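# Understanding the architecture of this molecule
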Amino acid sequence: MESGAVAMNPTIRLSVRALVEYAHRSGDIESGFRTAAALTDGTKAHQRVQKQYGEQDEKEVYVSAEMVMDDLLFAVDGRCDGLLADEANGGFVVDEIKSTSGRLPESVDETYPVHWAQAKCYAYMIAKDREQDAVTVQLTYVQAQSEAERRFRQRWTRAELERFLTEMVRAYYPCAVQQVRHGEARDRSIKELPFPFAAYREGQRKLAGAVYKSIAGKRKLFAKAPTGIGKTMSTIFPAVKAIGEGLLQRVLYLTAKTSARASAEQAFAMLQAKGLRLQAVTLTAKEKICFQEEVRCSKEHCPYADGYYDRINEALLDLRAHETLITREVVEVYARKHRVCPFEFSLDAAYGADAIVCDYNYVFDPRVNLKRMFDEQKRRTAVLVDEAHNLVDRARDMYSAELHKSAFLAVQRAYKGVHAGVHGAAKAVNDHLLAQRKRIGDRQRESVRELPEELAALAEAFVVQAERALLDGGAGGGRSPAVPGVQAGAEAGYASEEGLFALAGSDESGGQSATSGRGSGGLALASAATDGSGSGGLASASAATNDRDPGKLASAYAATSDHGSGSPASASAAARDRASSSLAAVEAGQSDRDSGSLSPASAAPGGHVIGDLVPADAASGGRGGTAPGTPELLELYFACQNFVRAAKLYDERYVTYTECERSEVRVKLFCLDPSHLLRTMGKGYRSTVFFSATLTPLSYYMDMLGSDGEADYSVVIPSPFSREQLEVYVSPMSTRYQDRERTKEPIVSLLSRVTAQHRGNYLLFFPSYAYMEDACERFAAQRQERTDADDMRIIVQSARMSEEERERFLAAFQSGAGERVIGFAVMGGIFAEGIDLVGDRLTGVAVVGVGLPQVGFERDIMKTYFDETGRGGFEYAFQFPGMNKVLQAGGRLIRSEQDRGVLLLIDDRYLQPSYRRLLPPEWLDYTLL
């Protein structure tokens, strides 16, 4: 090996952290329970230690080195926490600081080799740059709560350090070679790649050009393009071309539903058939792709978790050597071959891929977004948001959170006499919500524009106590396997955050590195286990607090790091005092052991800490049994984390509402306008393209999706299809709730008549399941009276259909079949968008109603908010979202130039100007029935 730059060699740039993590990956997946220690804890620990440095000492020292191995140049850099004067040896000491919420190592044998590896790499760079024959390395461990410190030192010569770095680079070399060869083949293939179809459809070239221009110009694009134009290819193709031109490193294709993911996979497959060599990975929800009957990620329960990091590097090399389109099926084949967890495997593969096909959550939800994608990578990444109209309501769910009194009462009862801390903290919240119910009285509900600071403080205190219970291993401090129910955490949007840095240390950008507790490897990440569920709330990073100070518990949530939503909300002094009073009995008399003994673990970039989950039996004398209600405790723990995080995001775009029904009390921090948070979460990417056939009106969606105003691009593509392909009928019968009983029978008669006159397969969309089921019964009854209905089959959408049931429903619509199919479905449901029934698989669509959301407390609150902000409350809360459902349902009909069909719109409001202006131009040439 040689030192120094060689211009002709391909360059591999990577951080010290990434290098040593790769080289040291070994061990098992232990993704059990993670505490919620704040990111700020690790930062403050670093700052506290660095303040002790002398005048001759340096902090946050940037270091780098270049090394040639065979035909590759490795440029490795990083930032060491401290460079101290070594008075004993007359040189330097490289200080690497690691913080933990657990116990400190007692000896060098209990420290982590990867920590020494990171520091030794820094030491070599210091020795080379400052011409030192030897350098001392110091690991400084800090206990986050007690602020106790412990230091360990070792000394190496420059030659020893160079050999060590050489070993690290040699371990990484096969991956680097593969990376370089793939990049060269990919770029050559992109330059020669033609558009995969013989010709562009009308408007398709315009959309593709707008996407490329937005990527080149580093802008957001809002694109309204009609159904059937080929939006998926029109966005992916120019993004791939941008990779070949060096504008991009990666493309993220985001979808709301699994069916849309399949369209993206098909587009990449078509490009591959034309010669493209590009690696695209599809991410599938953990609970869907897991090989086990029960999702429990520990070596005791899963052979694919046992030794995962011993095998993952080889598995990735094998996968990347032989595959480019890495779908769920491909992931499963290689995961079984190498006996690795398919979910973690797909994530590891994704971070090295050129394209990732995944859910909205991976970019916009702070709980589960791709934490390993640092700022430099984001600046070279384009985000393509498919069916972007869905993101508005999904984002409201992401950034909202709620608590229920019944959950606290259940945990309070389950932990009485089992864990005093959990019992007392749950009782404090339950008592607070009980007081709110009494205060609200006969009103039953209340909406206010202010943060419930006392409740947020009590929820924060509950998080602290729940962590202690979930991590407490009994009197002996032993660590037991994860208890049943631990994966509730993954189902709430958490999955493993495995990494080798088992204690919090600064990364090369000055942030905190994610770590795991037991030699597990992998890079820092927070992975998603959800798949389009849109479950409400944010996973929080609660502040680790002084174990003995209830006042600090009450205000802890205000001390956590801000995520760019404005200043964090602060608990008032009165709220802190009330919470402190409520918790005084909880804290009094608890043994030191009740604070919990964490295994070495670290704050991840999102604020999470990894540790092993053990039974909650603080009062059981270390018997090792599982406390009653442990799954309930874990579920409530995450709910409180979500609530605390939403409290930090709380601003004028939120409202707090309380609903009381019998003994239940529900308090929700409701995000009325998610645009600011969507804008914040999307920052840093080179370009984001929001596209859909139904961004109508465009100004509304630009507003709600976080447009930066005039800095953004927008494009509207007209329909490429002729009006002759579509027969549109409008029936002005009222479908308003108060008129439904009167008009239901005539509407069903009309549906029977239209489906008889224009024979073929139909989808009939209704505003609710109840309305649909009633109409279906009447339709079936009328069918029995008809003589021409023998070849008719009626199928009905149900509320909770499995994937197999959905596929059977769609498979019933066959081309040229002797049997006609009449499908009853719900607007806004799984069959209203993202499906293609081309040709005579679908003859007609009927849309009953204008899709308005059901009137309710939340929608009324939204209407009031948008009225107050001058944006038209009825339009923003009801009309625009409702008509979007209509457009999506009607868009199922014409999907290609050969399609012909009948569209029936039933509601008198379609004749009103405010609704007519929201219809596509090709729908306006209708016949009135």
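Residues numbered from 1 in each chain as written. Predicted model: local features only at pLDDT ≥ 70, side-chain atom pairs only at ≥ 80, totals over all residues. Heavy atoms only, no water.

## Examining the overall build of the chain
Regarding its fold elements, the chain presents 29 helices and 27 strands. For the chain, the residues scored as buried account for 60% of the 929 residues in total. Summing over all exposed atoms, the chain offers an accessible surface of approximately 34,600 Å²; the carbon and sulfur share of this is 47%. (Helix = DSSP H or I, 4+ residues; strand = E, 2+ residues; numbered from the N terminus. Buried < 20%, exposed > 50% of the residue type's maximum accessible area, 1.4 Å probe, protein only. Areas by Shrake-Rupley, 256 points an atom, 1.4 Å probe, with all protein chains shown as cover.)

## Quick word on the pattern of salt bridges
If you walk through the whole model with that rule in mind, you get 48 salt bridges. The partner of Asp-708 in a salt bridge is Arg-679, with the nearest N and O atoms 3.4 Å apart. You can see Asp-708 sitting in the loop between α23 (698–704) and β20 (713–716) and its partner Arg-679 sitting in helix α22 (residues 675–681), a full 29 residues away along the chain. For Arg-679, a relative accessible area of 23% puts it in the partly exposed group. (Salt bridge = Lys/Arg side-chain N within 4 Å of Asp/Glu carboxyl O.)

## Digging into the pairing of strand β26 (residues 901–906)
In summary, the side chains of a regular strand alternate between the two faces of the sheet. Within β26, six of the six residues are buried, which leaves the element mostly enclosed by the surrounding structure. By the alternation rule, side chains of β26 split into Gly-901, Leu-903 and Leu-905 and Val-902, Leu-904 and Ile-906, which are all buried. Taken together, the six bridges between strand β21 (residues 726–731) and β26 define a ladder with parallel strand orientation. Bridged to Glu-727 within β26 is Val-902. The sheet contact formed by strand β25 (residues 844–848) and β26 spans five bridges and is parallel. Note on β26: the bridge partner recorded for Val-847 is Leu-905. (Pairing = 2+ DSSP bridges.)

## With respect to the nonpolar core
With 152 residues, the main nonpolar core has Phe-345, Phe-364, Tyr-399 and Phe-462 as its most contacted residues. Sorting elements by how many residues they give to this core places helix α21 (residues 630–649) first, with eleven residues. By size, the runner-up hydrophobic cluster in this structure holds 47 residues, among which are Val-20, Cys-80, Ala-119 and Ala-176. (Core = buried A, V, L, I, M, F, W, Y, C linked by side-chain atoms within 4.5 Å.)

## Digging into the sheet that holds strand β8 (residues 220–224)
Across the sheet, eight strands lie side by side as β11-β10-β12-β9-β13-β19-β8-β20; this open sheet has parallel pairing. Lying at the two open borders of the sheet, with one neighbouring strand each, are β11 (325–326) and β20. Both strand β10 (residues 280–282) and strand β12 (residues 355–359) contribute to a ladder of three bridges, which runs parallel. Directly across from Val-281, in β12, lies its bridge partner Ile-356. On top of the sheet, helix α7 (residues 258–273) reaches β9 (250–255), β10, β11 and β12; it is set at about 165 degrees to β12, its chief contact. The sheet contacts of helix α11 (residues 342–351) involve β9, β10 and β12, and relative to β10 the element is tilted by about 150 degrees. (Contact = heavy atoms within 4.5 Å. Axes fitted to C-alpha atoms, helices over the stretch in contact; angles between N-to-C directions.)

## Some words on the packing of aromatic side chains
We describe a pair of aromatic rings using the distance from one ring centre to the other and the angle between the two ring planes. All told, the structure shown has 28 aromatic pairs when counted by the stated rule. Centre to centre, the rings of Tyr-700 and Tyr-876 are 4.7 Å apart; their planes meet at 90 degrees, and the pair counts as edge-to-face. Of this pair, Tyr-700 sits in helix α23 while Tyr-876 sits in helix α28 (residues 873–890); the two residues are 176 residues apart in sequence, bridging distant segments of the chain. Per residue, the accessibility class of Tyr-700 equals that of Tyr-876, and both read buried. Sitting above the plane of the Phe-164 ring, Lys-120 keeps its charged end 4.0 Å from the centroid. Above the face of the Phe-92 ring, Arg-130 is positioned so that its terminal group lies 5.3 Å from the ring centre. (Phe/Tyr/Trp six-rings, centres within 6.5 Å; stacked < 30°, edge-to-face > 60°. Lys NZ or Arg CZ within 6 Å of the ring centre and 35° of its normal.)

## A short note on α21
Between its first and last C-alpha atoms α21 spans 29 Å; for 20 residues at 1.5 Å apiece the expected length is 28 Å, and the two agree. With 16 of 20 residues buried, α21 is to be regarded as a mostly interior element. (Expected span 1.5 Å × (residues − 1).)

## Some details on the packing of helix α4 (residues 158–191) against helix α6 (residues 231–244)
Running from N to C, α4 and α6 cross one another at 125 degrees; their axes reach a closest spacing of 8 Å. In terms of orientation, α4 and α6 fall into the oblique class. Crossing angle aside, the handedness with which α4 passes α6 is left-handed. Facing Arg-186, Asp-187, Ile-190 and Lys-191 of α4, the residues of α6 in contact are Val-240, Lys-241, Ile-243 and Gly-244. When grouped by side-chain class, the residues that make up the contact of α4 with α6 number three nonpolar, one polar and four charged. (Parallel < 35°, antiparallel > 145°, perpendicular 65-115°, else oblique. Left-handed = near helix turned anticlockwise from the far one by under 90°. Nonpolar A, V, L, I, M, F, W, Y, C, P; charged D, E, K, R; others polar.)

## Digging into the side chain of His-46
Tracing the backbone through its elements, the reader meets His-46 in helix α2 (residues 39–50). His-46 gets classed as buried once you look at its relative accessible area, which sits at 4%. Of note is the side chain of His-46, whose polar atom sits 3.3 Å from the backbone oxygen of Ile-97. (Polar contact = N/O pair within 3.5 Å; in protein donor to acceptor, adjacent residues only side chain to side chain.)

## Structural notes on unusual backbone geometry
Most peptide bonds take the trans form, and the phi angle of most residues other than glycine is negative. The peptide bond linking Thr-696 to Pro-697 adopts the cis configuration, its omega dihedral lying at -5 degrees. Locating Pro-697 in the fold gives a position in the loop between β19 (687–692) and α23. Positive phi is not limited to glycine here, since Glu-147 has a value of about 65 degrees. By secondary structure assignment, the location of Glu-147 is in the loop between β6 (134–143) and β7 (149–157). Its identity as a non-glycine residue notwithstanding, Lys-218 has a phi of 60 degrees, on the positive side.

## Description of helix α25 (residues 769–784)
Taking 1.5 Å as the rise per residue, α25 with 16 residues should run 22 Å; its terminal C-alpha atoms sit 23 Å apart, in good agreement. Taken as a whole, α25 has its buried residues at Tyr-771, Met-772, Ala-775, Cys-776, Phe-779 and Gln-782. The buried side chains of α25 occupy one side of the element, clustering within an arc of 130 degrees when seen end-on. Across from the buried face of α25, at angles greater than 90 degrees, the exposed residues are Ala-770, Glu-777 and Gln-784. Elements in contact with the buried residues of α25: α24 (740–757), β22 (762–766), β23 (792–796), β24 (820–826) and β25. (Arc of directions from axis to C-beta.)

## Points about the pairing of strand β3 (residues 58–69)
Alignment of β3 against strand β4 (residues 72–86), held across eleven bridges, turns out to be antiparallel. Across the sheet, residue Met-69 finds its bridge partner in β4, namely Leu-72. The loop that links β3 with its antiparallel partner β4 comprises two residues; one of these, Asp-70, has a positive phi angle of about 55 degrees.

## As for the packing of helix α1 (residues 16–23) against α4
It is the contact of α1 with α4, at a shortest axis distance of 9 Å, that shows an interaxial angle of 75 degrees. With respect to each other, α1 and α4 are oriented roughly perpendicular. Along its contact with α1, which presents Leu-19, Val-20, Tyr-22 and Ala-23, the element α4 presents Leu-165, Met-168, Val-169, Ala-171, Tyr-172 and Cys-175. By residue class, the composition of the contact of α1 with α4 is ten nonpolar, no polar and no charged.

## Overview of the sheet that holds strand β27 (residues 926–928)
Spatial ordering of the open sheet is given by β23-β24-β22-β25-β26-β21-β27, a layout of seven strands whose pairing is parallel. With one partner strand each, in any of the chains shown, β23 and β27 form the two edges of the open sheet. In this sheet, adjacent strand axes meet at a mean angle of 20 degrees when their direction is disregarded. Contacting β21, β22, β24, β25 and β26, α24 runs over the sheet at an angle of about 170 degrees to β26.

## A few points about the environment of Ala-775
Looking at where Ala-775 falls in the secondary structure, it is placed in helix α25. The spacing of Ala-775 and Ile-747 is 28 residues in sequence and 8.5 Å in space, taken between C-alpha atoms. If we ignore the near neighbours within four places in the chain, the residues touching Ala-775 are Val-748, Phe-766 and Phe-824.

## Quick notes on the confidence of the model for the chain
Per-residue confidence for the chain gives a mean pLDDT of 81, with 80% of residues at or over 70. Contacts of residues 1–7 to residues separated by more than four positions or lying in other chains number 17 contacts, the stretch itself having pLDDT below 50. Contacts from residues 31–40, a stretch scored under 50 in pLDDT, to residues over four places away or in other chains number 66 contacts. (pLDDT = per-residue confidence, 0-100.)

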